[in-house]
There are 2 protein chains.
Amino acid sequence: MNNNILKSADLKQTKKRNLILSVLEAAPTALTVEEIAEIASKEMKMNLSTIYRALNALADKNVVIKTLYQDGKTYFEINNHKHRHSLICSMCNKKVNLDVCPLEPIEENLAQKTGYTITGHNLEIYGICPECMKHMPSEDNDN
Amino acid sequence: MNNNILKSADLKQTKKRNLILSVLEAAPTALTVEEIAEIASKEMKMNLSTIYRALNALADKNVVIKTLYQDGKTYFEINNHKHRHSLICSMCNKKVNLDVCPLEPIEENLAQKTGYTITGHNLEIYGICPECMKHMPSEDNDN
DNA sequence: ATTCGTGCAAAGGGTTTGCACTATT
DNA sequence: AATAGTGCAAACCCTTTGCACGAAT
């Protein structure tokens, strides 16, 4: 229930924020503000600024995670405290969540070697999904 | 010698492009366009557009690698075909190169599980460097 | 001489912000 | 009633682009 989320983040309860949160909760992957607006617009329309402000407020409270992807857009997802990464199709943008994070064992080692206090990381993996692979304009296959 | 790099990339040889390349070659980590401009300006001044265009041309030829970091800026580095990642201080932005890439073993596995053809990945690790740690305004240390 | 690189200023895309207004507490 | 959220338009930052000029082949 979103009520608690907003309350415990010291944010006022509004229909829009609740809707934004429920969109994120229903989403299988991180979403851009435009994607959120698109989905949310089925129930009510709201300004992009509103979504940005809501998400930034929530990110400040660590309720959502904000990540800038290589496409130049910021993606948001609920911070469920399960650490995840995405595999993104470079052609259709379809995303698959990974449940492995290969980095935790590395980070401790790294902290020792560098003296840095590791605070986090950002990992995106890119590829071509099977569907796009099928419909690939044959660019460099030698038939 | 840069001559060969530009020639083999089918790009005209200019003083500015050579300078840009030598700045990148001397750099221990990936640099932003502004950082490159700053360093290069000691030898000659050039417009940011020129740097952007030179780097994009080189990135298209895979001579340099172009990566968008979480600070919203694009970083460029020579593509020496050694796969590297950076550890970045969130406070002073100092970067350390890692020579481990923990992802290659994972990717093969991933390809099987998802059917994706993996084409690459992006990994940044964030932390606080020892110097910044020393001078940290004590925010949440309980003394 | 042709082709490509460069500077400048303007435009672009995504995100943020100031202000007046509206809703929540 | 006080405080915080929202819409709108303008501003912002980094990057890209059009055009006229200049340099490399």
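Given the structure is predicted, the values throughout are model-derived calculations rather than measurements.

S.K.: Please clarify how the pattern of salt bridges should be interpreted in this entry.
M.R.: Once their charged atoms are close, side chains differing in charge can pair, the charge on each being opposite to the other. Residues and elements named next belong to chain B. Within this structure, the stated rule accounts for three salt bridges over all chains. A salt bridge links Lys 94 to Glu 131, with the shortest nitrogen-to-oxygen separation between them at 2.9 Å. Note that Lys 94 is positioned in the loop between β4 (85-89) and β5 (95-98) and Glu 131 in helix α6 (residues 130-134), a separation of 37 residues in sequence. Residue classification places Glu 131 among the partly exposed residues on the basis of a relative accessible area of 35%.

S.K.: Honestly, the domain arrangement of chain A in this entry has me stumped. Any pointers?
M.R.: Reports of interface size often rely on the accessible area that becomes lost once the parts have come together. Residues and elements named next belong to chain A. Its domain assignment divides chain A into domain 1 (4-78) and domain 2 (83-135). Between domain 1 and domain 2 lies a buried interface of about 750 Å² when both sides are counted; carbon and sulfur atoms form 41% of it. Looking only at domain 1, the three residues that lose the most surface to domain 2 are Thr 29, Tyr 69 and Gln 70, adding up to 51% of its buried area. Seen at the junction of domain 1 and domain 2, the total is zero salt bridges. At the surface where domain 1 touches domain 2, the tally comes to three residue pairs in polar contact (both at pLDDT 80 or more).

S.K.: Quick question: what am I supposed to make of the sheet that holds strand β2 (residues 64-68) of chain B here?
M.R.: The strands that make up a sheet pair up through hydrogen bonds in the backbone, lying either parallel or antiparallel. Residues and elements named next belong to chain B. One open sheet holds the three strands; their spatial order is β1-β3-β2, and the pairing between them is antiparallel. Either end of the sheet is taken by a strand with one partner, and the two such strands are β1 (31-32) and β2. Bridge count for β2 against strand β3 (residues 74-78) is five bridges, and the pairing is antiparallel. By the bridge assignment, Thr 67 is partnered in β3 with Tyr 75. Along the sheet face, helix α4 (residues 48-60) touches β2 and β3 and points at about 110 degrees away from the line of β2.

S.K.: Honestly, unusual backbone geometry in this entry has me stumped. Any pointers?
M.R.: One can expect most non-glycine residues to show negative phi and most peptide bonds to be in trans. Residue and element names in this part refer to chain B. Phi is positive for Asp 10, which is not a glycine, with a value near 60 degrees. Along the chain, the position of Asp 10 falls in the loop between α1 (2-8) and α2 (15-26). According to the relative accessible area criterion, Asp 10 is exposed, its value standing at 68%. The phi angle at Asn 93 is positive, at roughly 75 degrees, despite the residue not being glycine. Within the secondary structure, Asn 93 sits in the loop between β4 and β5. What makes Asn 93 partly exposed here is its relative accessible area of 31%.

S.K.: Please explain the protein's contact with DNA strand D as it appears in this structure.
M.R.: Close to DNA strand D lie 21 residues; Lys12(A), Lys16(A), Arg17(A), Thr50(A) and Tyr52(B) are nearest. Here, DNA strand D places atoms within 4 Å of the protein, and 68% of those atoms are sugar or phosphate. Of all the elements in the fold, those that place two or more residues in the surface near DNA strand D are α2 (15-26) and α4 (48-60) of chain A together with α4 of chain B. Among the elements that take part in the surface near DNA strand D, α4(B) stands out by supplying four residues, more than any other. When grouped by side-chain class, the residues that make up the surface near DNA strand D number three nonpolar, nine polar and nine charged.

S.K.: Looking at this structure, how should I read the interface of chain A and chain B?
M.R.: Taken together, the contact between chain A and chain B spans 38 residues of the former and 38 residues of the latter. At the boundary of chain A with chain B, total buried surface from both sides reaches about 2900 Å², with 67% on carbon and sulfur atoms. Its largest share of buried area at the contact with chain B, chain A owes to Leu68(A), Gln70(A) and Tyr116(A), together 22% of the area lost on that side. At the boundary of chain A and chain B, one finds zero salt bridges. Seen at the junction of chain A and chain B, the total is 16 residue pairs in polar contact (both at pLDDT 80 or more). Those elements that provide at least two residues to the side of chain A that touches chain B are β2 (64-68), β4 (85-89), β5 (95-98), α5 (104-114), β6 (117-128) and α6 (130-134) of chain A. Among the elements that make up the side of chain A that touches chain B, the one with the highest residue count is β6(A) (twelve residues). Here the residues of the side of chain A that touches chain B are counted per class, giving 21 nonpolar, twelve polar and five charged. Across eleven bridges, the pairing between β6(A) and strand β6 (residues 117-128) of chain B is antiparallel.

S.K.: What is the right way to read the sheet that holds strand β3 (residues 74-78) of chain A from this model?
M.R.: Residue and element names in this part refer to chain A. With antiparallel pairing, the three strands of this open sheet are ordered in space as β1-β3-β2. Looking at strand neighbours, the two that pair on one side only are β1 (31-32) and β2, the edges of this open sheet. Relative to β3, β1 runs antiparallel, the two sharing two bridges. Note that in β3 the partner of Leu 31 across the bridge is Phe 76. Most of the contacts of α2 go to β3, to which it runs at about 85 degrees, and overall it touches β1, β2 and β3.

The rules behind the values
Residues numbered from 1 in each chain as written. Chains lettered and ligands numbered in written order. Predicted model: local features only at pLDDT ≥ 70, side-chain atom pairs only at ≥ 80, totals over all residues. Heavy atoms only, no water. Salt bridge = Lys/Arg side-chain N within 4 Å of Asp/Glu carboxyl O. Helix = DSSP H or I, 4+ residues; strand = E, 2+ residues; numbered from the N terminus. Buried < 20%, exposed > 50% of the residue type's maximum accessible area, 1.4 Å probe, protein only. Domains from an automatic or database assignment. Buried area = accessible area lost by both parts, 1.4 Å probe. Polar contact = N/O pair within 3.5 Å; in protein donor to acceptor, adjacent residues only side chain to side chain. Pairing = 2+ DSSP bridges. Contact = heavy atoms within 4.5 Å. Axes fitted to C-alpha atoms, helices over the stretch in contact; angles between N-to-C directions. Near = heavy atom within 4 Å. Nonpolar A, V, L, I, M, F, W, Y, C, P; charged D, E, K, R; others polar.

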